[in-house]
Amino acid sequence: MSVTAPQGFRAAGVPAGLKSSGDPDVAVVVNDGPVDSAAAVFTSNRCKANPVLWSEQAIQTGKARAVVVNSGGANCYTGPEGFATTHHTAELAAELLGLAPIEVQVASTGLIGLLNDRETLLAGVRAAVSGLDADGGPDAARAIMTTDSRPKQGVVEGAGYVIGAMAKGAGMLAPSLATMIVVLTTDALLTPEQCDEVLRRATSRSFDRLDSDGCQSTNDTVLLMASGASGVEPDVEEFAGQLEELCRDLALQLLSDAEGADHDIAIEVRGAAEEADALEVGRAVSRSALFKTAIYGRDPNWGRILASVGTTQAAFDPADLDVAINGVWVCKQSGPGEPRDLVDLEPRAVTVTIDLKAGDASATIWTNDLTQAYVHENSAYSS
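All values derive from a computational prediction rather than experimental measurement. The numbering scheme is per chain: residues are counted from 1 as the chain's sequence reads. Owing to the predicted nature of the model, reporting of local features is limited to residues with pLDDT of at least 70; listing and counting of side-chain atom pairs is limited to 80 or more, with chain, interface and lining totals taken over all residues. The side-chain quantities take in all heavy atoms of the structure and omit both hydrogens and water.

> I keep staring at the overall build of the chain and nothing clicks. Help me out?
Every helix listed is a DSSP run of H or I at least four residues long, and every strand listed is a run of E at least two residues long, numbered separately from the N terminus. For the chain, the helix and strand inventory stands at 10 helices and 15 strands. Based on the C-alpha atoms only, the size of the chain along its principal axes is roughly 65 × 50 × 35 Å. Burial classes: relative accessible area under 20% of the type maximum marks a residue as buried, over 50% as exposed, and values in between as partly exposed (1.4 Å probe, protein chains only). Looking at the 383 residues of the chain, the share that counts as buried comes to 55%. When checking whether two residues touch, look at their non-hydrogen atoms; a contact exists if any pair is within 4.5 Å. Here the contacts in the chain between residues at least 6 apart in sequence split such that 80% fall between residues at least 24 apart. Distance between charge centroids for the chain: 3 Å, based on 27 positive and 52 negative side chains. Charged residues are defined here as Lys and Arg on the positive side and Asp and Glu on the negative side; His and the ends of the chain fall outside this count. By convention, the charge on Lys lies at NZ, on Arg at CZ, on Asp at CG and on Glu at CD.

> Would you take a moment to explain the sheet that holds strand β2 (residues 26–31) for this structure?
Note on pairing: two strands pair once DSSP finds at least 2 bridges between them. In space, the 4 strands of this open sheet follow the order β1-β2-β4-β5, with mixed pairing throughout. Either end of the sheet is taken by a strand with one partner, and the two such strands are β1 (9–14) and β5 (104–109). In this sheet, neighbouring strand axes are inclined to one another by 10° on average, regardless of whether the strands run parallel or antiparallel. In this sheet, strand β4 (residues 66–71) lies alongside β2 in antiparallel orientation, the contact comprising 5 bridges. Bridging across to β4, Val 26 finds its partner in Asn 70. Angular values range over 0 to 180 degrees, each being the angle between N-to-C directions of two axes fitted as lines to C-alpha atoms, with helices fitted over their stretch in contact.

> Just checking my understanding: could you explain the pairing of strand β15 (residues 361–368) for this structure?
Walk down a regular strand and you will see the side chains alternate between the two sheet faces. Where burial is concerned, most of β15 is hidden: 6 out of the 8 residues are buried. Note that strand β10 (residues 264–272) and β15 share 7 bridges and pair antiparallel. Looking at the pairing, Ala 272 lines up with Ala 361 of β15.

> Looking at this model, I keep getting lost on the environment of Leu 97. Mind explaining?
Within the fold, Leu 97 resides in helix α2 (residues 79–97). Counting along the chain gives 29 residues from Leu 97 to Arg 126, while the straight-line C-alpha distance between them is 10 Å. Here Leu 97 is in contact with Val 30, Ala 66, Val 129 and Leu 132, once residues within four sequence places are set aside.

This is the structure:
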């Protein structure tokens, strides 16, 4: 059920001591080939962590044989020493695996401004490499967790090939990407160009539509590595669809573990003039603290939804909007619709449907409510 489900991959997750809890905090995933095609997408935040700066350059080759991920410290805004630590991490992993440093991707997650102890991290890399195993995927998935309450993993089987995955993330989830690290693996035979094409398509329709709290991380990384070990050259369209399915599943796993959340909310915008309008409206609603606290309070306050829709540049008639909450059309033609007390907001899953009546395009944004637990967790995060 993880990154080692496809042929040609080994992984490990070990406790190095970066986390004061003593939990696993260093993971390594290795592609044993025979091919080493890879692609990655990273945060669009202009303030990027040192591992992102390294990996952005390394992935330009279209190849990757390994990735090293540490939790317990983001290695972001840690100066020249922080970048040197990233460089040393790649160099050591490469030396131990018989690779070139440029073939090693590096990712980190945790508190910004915290300089990871280099020797502790490197000792973790040594331990993880020595413990690499074809069944090591679940251990690696646990080692990349930060505020996550559980590991996120997934597997999709194709026509003679497999796609596996692990992910972390439980807050600061907003386009583009989130405070997430995702490693996707496949034994399908793909070129670097095909990896890039299918990965960008999948992330744009899954992770990029996840918006937990409107905050964008400095460390986001989604990496796809193809070993070709199955010997199967897949239909690219079919593979793209399966990868998107897996990424969507992971995105919803991340959402369901969002920090302090009581509700998982799907904001479905339909009747848009174009998809961009639907996405803009969905994101505007998902980032409204008033809307999110209303859902937490079990209050179907559709007025807060219309107020958010009105902040966008989307095409619609402000006097003719419909809104449903969990299937109850509480707003019709921008006025009161069915009785609000018909809406049951006790279940965790909530669906908000907004009809702009301006066209045939649609899109869904996934978010969660805003709770006291979220405030508590994030107010005490660094202590």
